[in-house]
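Here's the letter readout for the chains.
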Amino acid sequence: MERTINSAKNRFRSLALLFLMLGCGSGSTPVDSDLSEAVTTKTVLMQPAWPELLQANVSQYRLQALLKGQDSQGKAAGEVGPVAAESEANNYKFVFSGLPSGLSASADLTIDIFWNAEGLSETCRRVASVSKSAELAEATTPLAVTAAEFDLAKDCDGDGLENIREFLDGLAVDRADSDGDGVGDGADVFPFDPLEWADTDGDGIGDNRDNCAAALNAAQDDLDGDGLGDFCDPDRDGDGLSNGAELNAGLNPDSADTDGDGVLDGADNCPAAANGGQENADGDPLGDLCDCDAADGRRYSTAEDEPDAANFDGNCDGIDGTVADALFVSRLRGNDAADGSREAPYRTLAKAYAEALSQSKDVYVEAGVYAVDEVVLRQGVRFFGGYQTETPGEPFGFRCVYPLDCSEAAALDAEADFLLERTGGVFLFDGFRIDVPLVLRETEAVFQNNRMEEGVLIDNADDVSLNNNIIRAGEGRIAAAIEILGSSPRVSNNTVDAANHYAAGGSTTARTAIALIVENALGLNLQDNLLITGEAENQYGLFCRGLEPVPEGITGNLFAMFPPAGGSAGTLPRSVSCLGEFDFAAADGLDLGFQNAAGNFDYPAGRARGDLIDPETYEVLDSGYEAYGAQP
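Residue positions are given per chain, counting from 1 as you read along its sequence in written order. Only residues with pLDDT of 70 or above have their local features reported here, since the model is predicted, and side-chain atom pairs are shown and tallied only from 80 upward, although totals for entire chains, interfaces and linings are computed over all residues. Side-chain numbers here rest on the full set of heavy atoms in the structure, without hydrogens or water.

Enquirer: Would you explain the overall build of the protein in this entry?
Expert: Numbered from the N terminus, helices here are DSSP runs of H or I no shorter than four residues, and strands are runs of E no shorter than two. Along the backbone of the protein there are seven helices and 36 strands. For the protein, the residues scored as buried account for 46% of the 632 residues in total. The contact definition used throughout considers only heavy atoms, calling two residues in contact when any of these lie within 4.5 Å. Residue pairs at least 24 apart in sequence account for 50% of intrachain contacts in the protein once pairs closer than 6 positions are excluded. Here the protein displays about 28500 Å² of accessible surface, and carbon together with sulfur accounts for 49% of that area. For the exposure calls, accessible area comes from a 1.4 Å probe over protein chains only, and a residue counts as buried if that area is under 20% of its type's maximum, exposed if over 50%, partly exposed in between. Here the open area of atoms and residues is found with the Shrake-Rupley method and a 1.4 Å probe, where only the protein chains shown may cover a residue.

Enquirer: When you look at the sheet that holds strand β31 (residues 558-562) in this model, what are you seeing that I'm missing?
Expert: Strand pairs in the sheet, formed through backbone hydrogen bonds, run parallel or antiparallel to each other. In short, DSSP must find at least two bridges between two strands for them to pair. The sheet built from nine strands is open, its strands ordered β11-β13-β16-β19-β22-β25-β28-β31-β36 with parallel pairing. Every other strand in the sheet has two partners, leaving β11 (368-371) and β36 (601-602) as the edge strands with one partner each. In terms of strand pairing, strand β19 (residues 451-452) meets strand β22 (residues 470-472) through two bridges, oriented parallel. Each residue of the ladder has a partner; that of Arg451, found in β22, is Ile470.

Enquirer: Looking at this structure, how should I read the environment of Ala303?
Expert: Structurally, Ala303 is set in the loop between α5 (243-248) and β9 (326-329). Sequence separation between Ala303 and Asn315 is twelve residues, and the spatial gap between their C-alpha atoms is 5.1 Å. Other than its neighbours up to four places away in sequence, Ala303 contacts Gly314 and Asn315.

Enquirer: Is there a simple way to explain the nonpolar core in this structure?
Expert: In globular proteins that are soluble, nonpolar side chains generally tend to be buried together. Core analysis: the biggest nonpolar cluster contains 59 residues, and Phe383, Phe418, Phe429, Phe447 and Leu466 have the highest contact counts within it. Setting aside its immediate chain neighbours within four residues, Phe447 contacts Phe418, Leu420, Phe429, Ile434, Leu438, Leu440, Met452, Ser465, Leu466, Asn467 and Asn469. To qualify as a nonpolar core, a set must consist of buried Ala, Val, Leu, Ile, Met, Phe, Trp, Tyr and Cys residues joined through side-chain atoms within 4.5 Å. In this structure, Trp50, Leu109, Val145 and Phe167 belong to the second largest nonpolar core, which totals 32 residues.

Enquirer: How do you make sense of the state of the cysteines when you look at a structure like this?
Expert: The term disulfide refers to a covalent linkage connecting the sulfur atoms of a pair of cysteines. Only a pair of cysteine sulfur atoms within 2.5 Å qualifies as a disulfide here. For the structure shown, the criterion picks out six disulfides. Residue pairing for Cys400: its cysteine sulfur links by disulfide to Cys406, the two sulfurs lying 2.0 Å apart. Between Cys400 and Cys406 the sulfur-sulfur dihedral comes to about -85°; the bridge is accordingly left-handed. Given the relative accessible area of 9%, Cys400 is considered buried. Here Cys544 pairs with Cys578 through a disulfide, and the sulfurs are 1.7 Å apart.

Enquirer: When you look at the packing of aromatic side chains in this model, what are you seeing that I'm missing?
Expert: Whether two aromatic rings pair depends on their centres lying within 6.5 Å, for rings of Phe, Tyr and Trp, where Trp uses its six-membered ring; planes under 30 degrees apart make the pair stacked, over 60 edge-to-face, and the rest tilted. Scanning the model with the defined rule gives 19 aromatic pairs in all. Ring plane angle 25° and centroid distance 6.4 Å describe the contact between Tyr353 and Phe427, whose orientation is recorded as stacked. Placement of Tyr353 in helix α6 (residues 349-359) and of Phe427 in strand β15 (residues 426-430) is noted, with a sequence separation of 74 residues between them. You can call Tyr353 buried: its relative accessible area is 5%. Clustering of aromatic rings is evident, with ring pairs tying together Tyr353, Phe383, Phe418, Phe427, Phe429, Phe432 and Phe447. By definition here, charges over rings are those cases where NZ of Lys or CZ of Arg is within 6 Å of the ring centre and within 35 degrees of the ring normal. The aromatic ring of Tyr387 is capped on one face by Arg399, whose charged end is 5.6 Å from the ring centroid. The aromatic ring of Phe559 is capped on one face by Arg574, whose charged end is 5.6 Å from the ring centroid.

Enquirer: Help me understand the pattern of salt bridges, please; the structure alone is not making it clear to me.
Expert: Side chains bearing opposite charge may pair, as long as their charged atoms lie close to each other. We count a salt bridge whenever a side-chain nitrogen from Lys or Arg sits within 4 Å of a carboxyl oxygen from Asp or Glu. Counting across every chain of the model gives 29 salt bridges. A salt bridge links Arg299 to Asp293; its shortest N-O distance comes to 2.9 Å. Each member of the pair, Arg299 together with Asp293, is buried. Within the structure, one salt-bridge network assembled from shared partners comprises Glu421, Arg422, Arg441, Glu442 and Asp459.

Below, the structure written as structure tokens:
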């Protein structure tokens, strides 16, 4: 549109007007019979400041005016007009003749401006108008009109574009959709092109032709020729690796073969070093030339490596885990003013936790005792313990988790309980010794590879998982290792020890030992656990209260019961059902009340606790214990 206006300015510098008398000529309409029949002539000399759209195109218009007034007695003097206009330099003279001589000094003047166009209605030809009150006391009255007083909002086809704009742009003034593409001219960025109507990124190329319609790319660069412009192509060189992946790996996202060995980066097992032969002795994803351990297919620099129970460094960064994904804590060597790196760890869990939240990282914890009640745990973070301090030249270079006999431990302690309550996100604790009761209430958490010395309480927390832990009952006249209240957690592959060594008054005989208490747990998932009780007068592998849990998912558990001296395991109930019934037999399934859970077994009678496990490390000594379920 701007191009049209500029060209019009060059063509029409002259302000000469084309005048047209419409209506009944210059005569006046009949007036009230009481008025004097004397007539007079009044002239209005309009001095306009043209709006920008009209300035250079005045010669394209014709003007007409309509005058209304009253006589000196306040009676209507009728209408006069339209009348002819004459130009005097930049002024426009409207001459109203035959007016009543008693016409009031004030009258209303309306001036319409029409585009010179054949075959269009008056409504479509009208491009502007202005209405003013004129003081007609003198024969000639000057009338100044500012640009802001002109009304240009004339749109005869209702397409959102004013008539004047459509005339200047060469669009159809009386047709809302000039190019017939279904989009009105006012919304059509390309009103002359029936194949285009939008330009989302504003680069001058219509969305239908733009190879990257969401990003400014007038040049339409397309390095790999795939029809997707470089600005929005996730793999602009077409080598099979994303631009981000190449930048992270130090490769060139604008070169399909960074090392020039004839193999595209996405298929190259060593894309940063020329190795056209692609030699790869161990068959892992990286070629021998850039493999950190060319002899072990499990170890290579780009491998995913999380801390595990086997202390396996899968990505060759010097630790079990990934250095770049973690912040480090050492009670012995740490400083909370440090940066939390492997070489300069923090000292407290509180500092590491706050930084891990802000940086979205894990926390790796070296051996030592850490007070968890000094940390307000609200949003989930992953904590990995078990890192040893015995090799100062290799900080965090070795990790030991249970049931191995670890010489050092990352221990979590508190004044009372280790409590996670009403938290957000998922917490993970892996490789710790927990020296106080663990209480999980309305939270999401995973505990694995830990040694819990004072038992676990799960209270209204369905999204809890206990896996591969050693869970011991605290000492007391009634000792329970796990208590589940109104929850449906996942408990699998744990060694649960409720052997009660409580001593009172010189007696080592305790009243009750319970491996697992379940109350109102409808969806309990209890699989492949070793449940041990012993040395108490009353022993229960599973004690159920309240609602009966669904038996599906309760399977593969081995109940090992060791009576006090002189007692018999056959006299001890393996479980108490939710109906209060005692279950002694192994062959008929685990009694839950109305239904049984099949596939759970008893450790044979007559064997000692020391035959099954090491009492200190909890290493399983009886290698055939998993098969005892097949015995009568």
